[in-house]
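One letter stands for each residue in the lines below.
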Amino acid sequence: MIEQNTNAARSFYRAVREFSLRTNGWDNAVFYEVKPDEKWDLTLVSERVYGNRYEFLTIMAAAGLDRADMPLPQIKLVLPVQGQLLKFKRATGFESNPEQRKDFKATWDK
């Protein structure tokens, strides 16, 4: 599904990537060790961290991957907690959950 705001996904990716790079070990974040069975399945990491498979772009950004079909290295990911993730989504206008989208845009984006 094409996003109505074509820059939203790019802005969201950039926000998560910057968060991952600047967050320290004592900051409020999810520090997640990638497991061997997750190498080719970003949605599995999303499920384990966020409880759904829609946040694969968050996982991609945290890992610094350019494409979803790239292998996920066994590293420690620095991911935003749920509240931070929502804040990034609202700031960028991006929504990954199809249940929160209608007519190619986020339903909360009024």
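For the structure given in this document, a descriptive report is provided here.

Rules and cut-offs
- Starting from 1, residues in each chain are numbered consecutively following that chain's sequence as written.
- Local features in this predicted model are restricted to residues of pLDDT 70 or higher, and side-chain atom pairs are both shown and tallied only at a pLDDT of 80 or more, whereas totals for entire chains, interfaces and linings draw on every residue.
- To obtain the side-chain values, all non-hydrogen atoms of the structure were used and water was disregarded.
- We count a stretch as a helix when DSSP gives it H or I for four or more residues in a row; a strand needs E for two or more, and each element gets its number in order from the N terminus.
- One less than the number of residues in a helix, times 1.5 Å, gives the span that helix is expected to have.
- Throughout, exposure labels follow a simple rule: accessible area from a 1.4 Å probe, protein chains only, divided by the maximum for the residue type, with under 20% read as buried, over 50% as exposed, and the rest as partly exposed.
- When we speak of the arc, we mean the arc of directions from the helix axis to the C-beta atoms.
- We call two residues contacting when some pair of their heavy atoms lies within 4.5 Å.
- Throughout this description, the term salt bridge denotes a Lys or Arg side-chain nitrogen within 4 Å of a carboxyl oxygen of Asp or Glu.
- We define a polar contact as two N or O atoms separated by no more than 3.5 Å, with the added condition that, inside protein, one atom must be a possible hydrogen donor and the other a possible acceptor, whereas residues neighbouring each other in sequence contribute only through side-chain atom pairs.
- In this description, a line fitted to the C-alpha atoms serves as the axis of each element, helices being fitted only across the stretch in contact, and the angle between N-to-C directions of two axes falls anywhere from 0 to 180 degrees.
- A crossing counts as left-handed when the near helix is turned anticlockwise from the far one by less than a right angle, and as right-handed when that turn is clockwise.
- Residue types Ala, Val, Leu, Ile, Met, Phe, Trp, Tyr and Cys, when buried and joined through side-chain atoms within 4.5 Å, form a set referred to as a nonpolar core.

### Let's talk about helix α1 (residues 8-22)
So, point 1. Between its terminal C-alpha atoms α1 stretches 21 Å, which fits the 21 Å expected from 15 residues at 1.5 Å a residue.
So, point 2. Among the residues making up α1, those that are buried are Ala8, Phe12, Ala15, Val16, Phe19 and Ser20. Looking straight down α1, one finds that the buried residues subtend no more than 130 degrees of arc, so they occupy a single side. Relative to its buried face, α1 has exposed residues pointing more than 90 degrees away, namely Leu21 and Arg22.
So, point 3. Where α1 is buried, its residues contact α3 (56-63), β2 (76-79) and α4 (82-92).

### A look at the pattern of salt bridges
So, point 1. Under the defined criterion, the tally for this structure stands at seven salt bridges.
So, point 2. Its salt-bridge partner being Asp37, residue Arg48 comes within 2.9 Å of it at the nearest N-O pair. Separated by 11 residues along the polypeptide, Arg48 in helix α2 (residues 42-50) and Asp37 in the loop between β1 (30-33) and α2 bring together distant segments of the chain.
So, point 3. Salt bridges here are not isolated pairs; linked through shared partners, they connect Asp37, Glu38 and Arg48.

### Quick word on the side chain of Ser46
So, point 1. Position of Ser46 relative to the elements: it lies in helix α2.
So, point 2. Here Asn52 takes part through its backbone oxygen, which lies 2.6 Å from a polar atom of the side chain of Ser46.
So, point 3. Ser46 has contacts with Gly51, Asn52, Arg53, Tyr54, Glu55, Phe56 and Ile59, leaving out every residue within four places of it along the chain.

### Some points on the side chain of Thr23
So, point 1. Among the structural elements, Thr23 can be located in the loop between α1 and β1.
So, point 2. Looking at Thr23, the relative accessible area reads 13%, which means it is buried.
So, point 3. Polar side-chain contacts of Thr23 include one of 2.5 Å to the backbone oxygen of Phe19.
So, point 4. Sequence-distant contacts of Thr23, defined by excluding residues within four places in its chain, comprise Ala29, Phe31 and Val78.

### Structural notes on the packing of α1 against α4
So, point 1. For the pair α1 and α4, the least separation of the axes is 9 Å and the interaxial angle reads 140 degrees. Helix-helix and strand crossings are classified by hand; for α1 and α4 the assignment is right-handed. Contacts between α1 and α4 involve Ala8, Ser11, Phe12, Ala15, Val16 and Phe19 from the first element and Gln84, Leu85, Phe88, Lys89 and Thr92 from the second.

### Some words on the nonpolar core
So, point 1. Counting residues in hydrophobic clusters, the biggest one holds 25 residues, and the most contacted among them are Phe12, Ile59, Leu72, Leu77 and Leu79.
So, point 2. Those elements giving two or more residues to this core turn out to be α1, α2, α3, β2 and α4.
So, point 3. Top element by residues in this core is α3. It accounts for six residues.
So, point 4. Excluding residues that lie within four positions of it along the chain, Phe12 makes contacts with Leu57, Thr58, Leu85, Phe88, Lys89, Thr92 and Phe94.

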